[in-house]
Amino acid sequence: MKSKAIRPRVAIACQGGGSQTAFTAGVLKAIFEGNIQDRFNIVSLSGTSGGALCAFFIWYALKKGDACVWKRLIDFWQDNTAQTAQELYFNDLIIKTLELTSQGLIPQYNLSPSSPLVKNIFSMATMGLRSEFVNFERLLAAHIDFSELLSWGAQPEPPILVLGACNILTGRLHKFNSRLEPVRMEHILASACVPTIFPAVTLETMAYWDGLFSDNPPIEDLLKRDSVGIKNVAQEVWVIKINPTRRKDIPVSPADIADRRNELEGNVSLFQSLREVENLNMMFSRGAFRDEFLAEVDINEPIKIPKLFAEDPDHSYHIPMIDMSEELANSLNYESKLDRSAESINRLIEDGERQGQKFVEARLNQMG
C-alpha cells in the first residue's frame, strides 16, 4: 500500500438524473469494491439530485468506517424499486402515462404538486403501497439516522460532501457543505426537489428546488480551498455522468425533442465548470500562478479532469468521464428517469459496475 502522503487527492462528482443515477450507484460500487481509497485519497464528493443521494451514501459510509463502503448505497436502491405486483403496476402506469403524454396521445394537465387535489389523488392512488416506496423522506429515514448526523456537527476532515441546490427565492445557486454545517435530510430533499413532482423544500427562511437548476454536479467548489479546506483541494476530478453528450440523429418527434432538451440542459453547467477548470490548467501551464500559492494547496501539475469530447487532443492530465455504455444510453428516454422497476434499476446498476471496473483498471494502469 502506498503511503497516504503520496496518494493523489481525488474528488468524485456525481451528475443527477433521477432513477438513472442507479447507474452511478453501480459505478461507485465498482470503484470502492476494490478499496480504491487505499490508492487514492478521496478528499471530497459532490452531487446533484440523484447524484447527491449517491454521493451522500458513500460519504456517510466512509465517515462511519464501513468495511463495505458501497453496501448502504446498493441496499437503498434495491429498497427503492417496485417490489410488489401493486407497486410495479403503479410504476408502469406512471411511466406509460408520461410516455403517451410526451407523444401527444393524451392531454397534459399542469397541476401544482402542492395543490390539495394532487395530494388527494396521490393518496388514493398509492393506498396499499409501502410507505417507503411512495414517500422519499421515509425511505431515507429507513436507511439513515439523521439525528445522528446532526449530532456530528460540521465535518472539517475529509471527505467533504458538497450537494447542489437552487435557492428559488434569491435566485442563487446553493451548495450544502458538510465542512461548514451538519448534513441534514432537507439538504438531500432540496437537491432532488423536481418542482413538477415535489413542493419546494423550505429550510429556515429559504426555499429550494432541484440542483439541476444549479451545478450538475458541483465541481468548482471541489477546487476551492475556502470550500473544502486548503488540504482537500482535489488534484483529480472523476465525473460520473448520466446525460449523454452526443446523439446520432436529429430529434424530430415531440418526445425525442423533449428527451434531448433534458439531456442538454443537464449537461450545460457541467461543461461550463469543466471549461473553467481547463482555463485554470492553461493558466497554470503558462506560469500565471505564484509558486508559493500553488505550494499552499500542494498543486504542482494541472488538475486532472475529464475531456469534454472524444475528438479533443489528448493531454497528460486526461482522465475520461465515466459514462453509460452507448447501448444502454440509447435505450433510455426522459420518462425512464422516473422508472423504478427492478428490471430497469438493476440494468443501470450492472452497467455502472462494468463501466466503473473499466475506469478503475485504466486509472490504475496509468499509475503503473
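Computed from a predicted model, the values in this text were never measured in an experiment.

About the thresholds
Residues numbered from 1 in each chain as written. Predicted model: local features only at pLDDT ≥ 70, side-chain atom pairs only at ≥ 80, totals over all residues. Heavy atoms only, no water. Helix = DSSP H or I, 4+ residues; strand = E, 2+ residues; numbered from the N terminus. Rg over C-alpha atoms; globule rule 2.2 N^0.38 Å. Buried < 20%, exposed > 50% of the residue type's maximum accessible area, 1.4 Å probe, protein only. Contact = heavy atoms within 4.5 Å. Areas by Shrake-Rupley, 256 points an atom, 1.4 Å probe, with all protein chains shown as cover. Phe/Tyr/Trp six-rings, centres within 6.5 Å; stacked < 30°, edge-to-face > 60°. Axes fitted to C-alpha atoms, helices over the stretch in contact; angles between N-to-C directions. Parallel < 35°, antiparallel > 145°, perpendicular 65-115°, else oblique. Nonpolar A, V, L, I, M, F, W, Y, C, P; charged D, E, K, R; others polar. Salt bridge = Lys/Arg side-chain N within 4 Å of Asp/Glu carboxyl O. Expected span 1.5 Å × (residues − 1). Bend = angle between axes of the 7 residues up to and from the residue. pLDDT = per-residue confidence, 0-100. Pairing = 2+ DSSP bridges.

> What exactly am I supposed to notice about the overall build of the chain here?
What the chain contains, in helices and strands, is 14 helices and seven strands. A compact globule built from 368 residues would reach a C-alpha radius of gyration of about 21 Å, and the chain, at 20 Å, matches this within 12%. Here the chain, with 368 residues, has 49% of them falling under the buried criterion. In the chain, 75% of the contacts between residues at least 6 apart in sequence involve partners at least 24 apart. In the structure as shown, the chain presents an accessible area of about 17,800 Å², 54% of it carried by carbon and sulfur atoms.

> Would you mind showing me how to read the packing of aromatic side chains here?
The description of an aromatic ring pair uses the distance of the two centres, along with the angle that the planes make with each other. Per the stated rule, a full pass over the model turns up 12 aromatic pairs. A ring pair is formed by Phe56 and Trp59, whose centres lie 6.1 Å apart and whose planes are at 35°; its orientation type is tilted. Of this pair, Phe56 and Trp59 are both found in helix H2 (residues 50–64), three residues apart, which corresponds to roughly one turn of the helix. According to the relative accessible area criterion, Phe56 is buried, its value standing at 0%.

> Quick question: what am I supposed to make of the environment of Asn232 here?
Mapped onto the elements of the fold, Asn232 is located in the loop between helix H10 (225–228) and strand E7 (236–240). A relative accessible area of 7% places Asn232 in the buried class. Placed 221 residues apart in sequence, Asn232 and Ala11 show a C-alpha to C-alpha distance of 9.0 Å. Not counting chain neighbours up to four residues away, the residues in contact with Asn232 comprise Val43, Pro156, Pro158, Ile160 and Leu222.

> Where do I start with the packing of H2 against helix H3 (residues 71–79) in this structure?
The N-to-C vectors of H2 and H3 enclose an angle of 140°; their axes lie 8 Å apart at closest approach. The orientation of H2 relative to H3 falls into the category oblique. Residues Leu53, Cys54, Phe57, Ile58, Tyr60, Ala61 and Lys64 of H2 form the contact with H3, whose own contacting residues are Arg72, Leu73, Phe76 and Trp77. Looking at the contact of H2 with H3, its residues break down into nine nonpolar, no polar and two charged.

> I tried to follow the pattern of salt bridges on my own but got confused; where do I start?
Any two side chains of opposite charge can pair if their charged atoms end up close together. Per the stated rule, a full pass over the model turns up 13 salt bridges. Across the pair Arg130 and Asp79 runs a salt bridge, and its minimum N-O distance is 3.0 Å. Taken together, the positions of Arg130 in the loop between helix H5 (116–125) and helix H6 (131–134) and Asp79 in helix H3 put the pair 51 residues apart, joining distant regions of the chain. Here Lys241 and Asp323 are joined by a salt bridge, their closest N and O atoms 3.4 Å apart. Of this pair, Lys241 sits in the loop between E7 and helix H11 (254–285) while Asp323 is found in the loop between helix H12 (291–296) and helix H13 (326–331), placing the two residues 82 residues apart along the sequence. One network of salt bridges, with partners in common, ties together Asp79, Glu87 and Arg130.

> Would you take a moment to explain H11 for this structure?
An α-helix turns once every 3.6 residues. As a result, residues three or four positions apart point the same way. Spanning 32 residues, H11 covers 46 Å between terminal C-alpha atoms, matching the ideal 46 Å at 1.5 Å per step. At Asn267, H11 is deflected by roughly 30°, the largest bend along its length. Looking one or two residues past H11, Gly287 carries a phi angle of roughly 75°, positive in sign.

> I'm lost on unusual backbone geometry in this one. Help?
Outside of glycine, negative phi angles account for most residues, and trans bonds account for most peptide bonds. Going from Pro158 to Pro159, the amide bond is cis rather than trans, its omega being 0°. Positionally, Pro159 belongs in the loop between helix H8 (146–152) and strand E3 (160–167). The step from Asn216 to Pro217 runs through a cis peptide bond, and the omega angle for that step is 0°. Within the element layout of this structure, Pro217 appears in the loop between strand E6 (206–209) and H10.

> Can you walk me through the confidence of the model for the chain in this structure?
When pLDDT is low, close inspection of the predicted coordinates is not appropriate. In the predicted model, the chain carries a mean pLDDT of 86, and 93% of its residues have values of at least 70. Within the model, pLDDT remains below 50 along residues 309–318, and this stretch shows 17 contacts once partners closer than five positions in the same chain are excluded.

> Just to check I follow, could you spell out the pairing of strand E4 (residues 173–177) for this structure?
The two faces of a sheet get side chains in turn, since along a regular strand they alternate between them. Pairing of E3 with E4 involves five bridges; the strand directions are antiparallel. The residue of E4 that forms the bridge with Gly164 is Lys175.

> Looking at this structure, I do not really get the pairing of E7. What am I missing?
Counting buried residues along E7, five of its five residues qualify, which places the element largely inside the surrounding structure. Side chains of E7 alternate between two faces, with Glu236, Trp238 and Ile240 and Val237 and Val239 buried alike. As paired strands, strand E1 (residues 9–14) and E7 are joined by five bridges and run parallel to one another. Looking at E7, one finds that Ala11 is bridged to Val237.

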